[in-house]
Amino acid sequence: MLLRYGSPVRAGTNHLIFSDLQSWTDIYGPSSNPCLKDPTVYEGFSVLGNPNLLSTTDRVIHGRLRRLLSHSFSLRGLADSEPLIAEKVQQYVDRTVAGNRGKEVDMLSRTYELYLDIVSWLSFGRSFDCLKGQNLTARRDISHYFSVVPLVAFVPIARYVPLRGIQEGLAGLNRLIEFASVNVDAFLEKSNYRSSSSSSGNIVDKTDSSSQEGTLLNNLAKAVDPDTGSKLTREDLIEHSILFLAAGSGTTSATLTFLLWECGRNEKIRGQLVQEIREAFPDPEVMPNYERASQLVYLKCAISETLRLWGPLNASGPRLSPGKMISGRFVPKGVLVETCTYTTARDPGVFPNPLTFDPSRWESPTPEMKKMSRPFSYGPRNCIGQHLAEMALTLTVCRLYQLYDVIPTPAMDTDFMRQEDNGVLEPKNKTFYVTPYEADRKR
Ligand code: HEM
């Protein structure tokens, strides 16, 4: 519709969707008169009812949470976690590919498990260990975050409706809350943090927790707001741990899946990518490190191109107009506005042959390309997990292609891989079959 009728399109009585460059700045950019998140959409994304980084629509609360969390998600804050991420990537390669050379294997479930294992460890200081065959309901439990959590928040009586989908979802969420509570309490106990029993109390740290160094939980529990001196409560920690699992697992696994699919089915692109990776990391005994891997130009281009064409979220989130000019038109107060990243990232004026997967277009990107492909959104409410996602994706692609050629099976055609929106855009069949082969090092 946006392509046919132009930007904006009226999607409902009170809802405008934009697809032009200026709308990114007007809707999402920093502003003294910002378009804030719509509470009726976002405030439901909270399992314990505590405001979290994604759900809060209050600028002051958001600013405080963002300050507390920003170091944990910075490249420097994540550096301590690299060995753990690398260890999980190795487990994934061993479990998924190593023993299955020449055989058909479904990568999608294992990929989801990889990122659940990483984010759970970062969140709780203890991994779900799905790749080791534990907590196998975790993936299903997390998927309810984007459906059942907002449903019962806005229609509380829904929790008593004897529908299987709702009751299974609630049971799954309870398992997650239980897992998170046990691990947050164990963490606080072990690291000698004293947690207040009330949800308004602060956590008072007594000693350092060296055993948990590098985990988000450790950083979160230690973080002090420089302006107010306040810290996160036990309930805040549980709330955020579950949020990170929901926000960080399906998004990253869908992205890796589409990257392996696009590169896998295009021999020339895959050839260029594996050559770059194998030249940078010639010794199979040596795991790629992020410092070097993040410098690989073509790999970076392949990730950018995957996020452009197959980004896991197709819109950047609805906001409420405060009554302001958006893309040259006055939009009255209270109108729901959003920019459709799916469309801006396919704008033929900015991305020639927009439907073609071509990593090389990112070798020297124009300023417009960077502004129109924003898979992590833009402005003060952009994705806080971007560095983590990029580090995890980079290390996974590097290790896989350093050791193996991963070829999608012939059944993985465009129709099979069509995206379906389950909170995250993922292959509609929820499977992705490949055949792995030992790397051909003579390339
Ligand atoms: C390829 C991977 C990812 C993509 C494409 C992505 C994309 C996005 C987008 C578009 C938003 C804005 C949503 C909105 O405004 O409604 C967002 C927000 C957010 N993301 Fe991500 N994300 C990814 C991975 C992650 C990871 C790994 C984490 C953490 C473990 C994470 C945590 C969050 C959080 C907490 C927010 C809310 C930030 C705020 O409002 O301040 N994301 N993400």
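Quick caveat: nothing in here was measured; it's all calculated off a predicted structure.

### Some remarks on the overall build of the chain
Phase 1: Helix and strand counts for the chain come out as 19 helices and 14 strands.
Phase 2: Its C-alpha radius of gyration of 22 Å places the chain within 12% of the 22 Å reference for a compact globule of 443 residues.
Phase 3: Dimensions along the principal axes, computed over C-alpha positions, put the chain at roughly 60 × 55 × 45 Å.
Phase 4: Excluding contacts between residues fewer than 6 apart, the proportion of contacts in the chain whose partners are at least 24 apart in sequence is 72%.
Phase 5: Surface accessibility of the chain: about 19,300 Å² in total, with carbon and sulfur atoms responsible for 52%.
Phase 6: Averaging the coordinates of the 50 positive side-chain charges in the chain and doing the same for the 49 negative ones gives two points 3 Å apart.

### Looking at the sheet that holds strand 4 (residues 105-106)
Phase 1: A sheet is described by the order of its strands in space; here 3 strands give the open sequence 4-14-11, paired in antiparallel fashion. Every interior strand has two partners, whereas the edge strands, strand 4 and strand 11 (404-408), have only one.
Phase 2: Here strand 4 runs beside strand 14 (residues 433-438); their pairing, made up of 2 bridges, is antiparallel. For Asp106, the partnering residue across the bridge sits in strand 14 and is Tyr433.

### Points about the site of the ligand
Phase 1: As a structural note, the neighbourhood of the ligand is formed by 30 residues, with Tyr42, His62, Arg66, Arg319 and Cys383 the closest of them.
Phase 2: Arg66 is positioned with one of its side-chain polar atoms (N or O) 2.7 Å from an oxygen atom of the ligand.
Phase 3: Here Arg319 contributes a side-chain N or O atom positioned 2.9 Å from an oxygen atom of the ligand.
Phase 4: Of the residues forming the shell around the ligand, the biggest block, 4 residues, is contributed by helix 12 (residues 234-248).
Phase 5: By residue class, the composition of the shell around the ligand is 16 nonpolar, 10 polar and 4 charged.

### Regarding the sheet that holds strand 3 (residues 36-37)
Neighbouring strands of a sheet are bound in pairs by backbone hydrogen bonds; such pairs are parallel or else antiparallel.
Phase 1: An order of 1-2-10-7-3 is seen for the 5 strands of this open sheet, with the pairing classed as mixed. Only two strands of the sheet have a single neighbouring strand rather than two, namely strand 1 (9-12) and strand 3.
Phase 2: Where strand 3 lies against strand 7 (residues 319-320), 2 bridges are found, and the strand directions are antiparallel. Bridged to Leu36 within strand 7 is Leu320.
Phase 3: Lying over the sheet, helix 2 (residues 21-28) contacts strand 2 (15-18), strand 7 and strand 10 (336-339), oriented at roughly 130° with respect to strand 10.

### What to know about the coordination of the iron atom of the ligand
Phase 1: Inspection of the coordination sphere of the iron atom of the ligand shows a single protein donor, Cys383 (SG), at 2.3 Å.
Phase 2: Structurally, the position occupied by Cys383 is in the loop between helix 18 (367-372) and helix 19 (386-403).

### What to know about the side chain of Lys37
Phase 1: Turning to its location among the elements, Lys37 is positioned in strand 3.
Phase 2: Lacking a salt bridge, the buried Lys37 has Glu43 as its closest oppositely charged neighbour, with an N-O distance of 10 Å.
Phase 3: A distance of 2.9 Å separates the side chain of Lys37 from the backbone oxygen of Leu54, its partner in a polar contact.
Phase 4: Dropping the residues within four chain positions of it, Lys37 is found in contact with Tyr42, Leu53, Leu54, Thr56, Thr57, Pro318, Arg319 and Arg381.

### Notes on the confidence of the model for the chain
Phase 1: Confidence along the chain averages 89 in pLDDT terms, with 94% of residues attaining 70 or more.
Phase 2: Looking at the elements of the chain, mean pLDDT is at its lowest for strand 6 (residues 204-205), recorded as 35, and at its highest for helix 16 (residues 297-310), recorded as 98.
Phase 3: Between residues 194-211, whose pLDDT stays under 50, and residues either more than four places distant or in other chains, the model counts 39 contacts.

### Quick look at helix 4 (residues 59-73)
Phase 1: Between its terminal C-alpha atoms helix 4 stretches 20 Å, which fits the 21 Å expected from 15 residues at 1.5 Å a residue.
Phase 2: Within helix 4, the full set of buried residues consists of His62, Leu65, Arg66, Leu68, Leu69, Ser72 and Phe73.
Phase 3: Where helix 4 is buried, its residues meet helix 5 (75-79), helix 11 (216-222), helix 12 and helix 19.
Phase 4: Taking the backbone nitrogen of Val60 as reference, a side-chain oxygen 2.7 Å away marks Asp58 as the first, capping residue of helix 4.

### Considering the nonpolar core
Phase 1: Grouped together as the largest cluster of nonpolar side chains are 103 residues, with contacts concentrated most on Met107, Phe128, Leu273, Tyr401 and Phe432.
Phase 2: The residues contacting Tyr401, other than those within four sequence positions of it, are Leu260, Cys263, Gly264, Arg270, Leu273, Val274, Ile277, Arg278 and Val406.
Phase 3: Core analysis: the second largest hydrophobic core is formed by 16 residues, Cys35, Ile326, Val350 and Trp362 among them.

### Quick word on the UniProt feature "binding site: heme" (unreviewed entry) in the chain
Phase 1: Feature annotation in UniProt assigns "binding site: heme" (unreviewed entry) to the following positions: Cys383.
Phase 2: Classification of Cys383 by relative accessible area gives partly exposed; the value is 31%.
Phase 3: Aside from chain neighbours lying at most four places away, what touches Cys383 is Arg66 and Phe376.

### Digging into the packing of helix 7 (residues 107-124) against helix 12
Two numbers describe a pair of packed helices, the interaxial angle and the distance between the axes.
Phase 1: Contact pair helix 7 / helix 12: the axes reach a minimum separation of 9 Å and the direction vectors enclose 160°. Taken together, the axis directions place helix 7 and helix 12 in an arrangement best described as roughly antiparallel. Note on packing geometry: the crossing formed by helix 7 with helix 12 is right-handed. Where helix 7 abuts helix 12, its residues Tyr115, Leu116, Val119, Ser120, Ser123 and Phe124 lie against Ser241, Phe244, Leu245 and Gly248.
Phase 2: Broken down by class, the residue content of the contact of helix 7 with helix 12 amounts to 6 nonpolar, 4 polar and no charged.

### What to know about the pattern of salt bridges
Phase 1: Inspection of the entire model under this criterion finds 14 salt bridges.
Phase 2: Across the pair Arg175 and Asp141 runs a salt bridge, and its minimum N-O distance is 2.9 Å. Of this pair, Arg175 sits in helix 10 (residues 164-190) while Asp141 sits in helix 8 (residues 138-143), and the two are 34 residues apart along the sequence.
Phase 3: On the accessibility criterion, Arg175 (39% relative accessible area) is partly exposed.
Phase 4: Given a relative accessible area of 3%, Asp141 falls into the buried group.
Phase 5: Between Glu305 and Arg361 there is a salt bridge, with the nearest N and O atoms lying 3.0 Å from each other. Of this pair, Glu305 sits in helix 16 while Arg361 sits in the loop between helix 17 (341-344) and helix 18, and the two are 56 residues apart along the sequence. Taken as a pair, Glu305 and Arg361 share a single burial class, namely buried.
Phase 6: Members of the salt-bridge network, linked through shared partners, are Asp185, Arg234 and Glu235.

About the criteria used
Residues numbered from 1 in each chain as written. Predicted model: local features only at pLDDT ≥ 70, side-chain atom pairs only at ≥ 80, totals over all residues. Heavy atoms only, no water. Helix = DSSP H or I, 4+ residues; strand = E, 2+ residues; numbered from the N terminus. Rg over C-alpha atoms; globule rule 2.2 N^0.38 Å. Contact = heavy atoms within 4.5 Å. Areas by Shrake-Rupley, 256 points an atom, 1.4 Å probe, with all protein chains shown as cover. Lys, Arg positive; Asp, Glu negative; His and termini not counted. Charge placed at Lys NZ, Arg CZ, Asp CG, Glu CD. Pairing = 2+ DSSP bridges. Near = heavy atom within 4 Å. Polar contact = N/O pair within 3.5 Å; in protein donor to acceptor, adjacent residues only side chain to side chain. Nonpolar A, V, L, I, M, F, W, Y, C, P; charged D, E, K, R; others polar. Axes fitted to C-alpha atoms, helices over the stretch in contact; angles between N-to-C directions. Donors = N, O, S within 2.8 Å, 3.2 Å for Na, K, Ca; no water. Buried < 20%, exposed > 50% of the residue type's maximum accessible area, 1.4 Å probe, protein only. Salt bridge = Lys/Arg side-chain N within 4 Å of Asp/Glu carboxyl O. pLDDT = per-residue confidence, 0-100. Expected span 1.5 Å × (residues − 1). Core = buried A, V, L, I, M, F, W, Y, C linked by side-chain atoms within 4.5 Å. UniProt positions renumbered as here; feature names shortened; annotations may be inferred. Parallel < 35°, antiparallel > 145°, perpendicular 65-115°, else oblique. Left-handed = near helix turned anticlockwise from the far one by under 90°.

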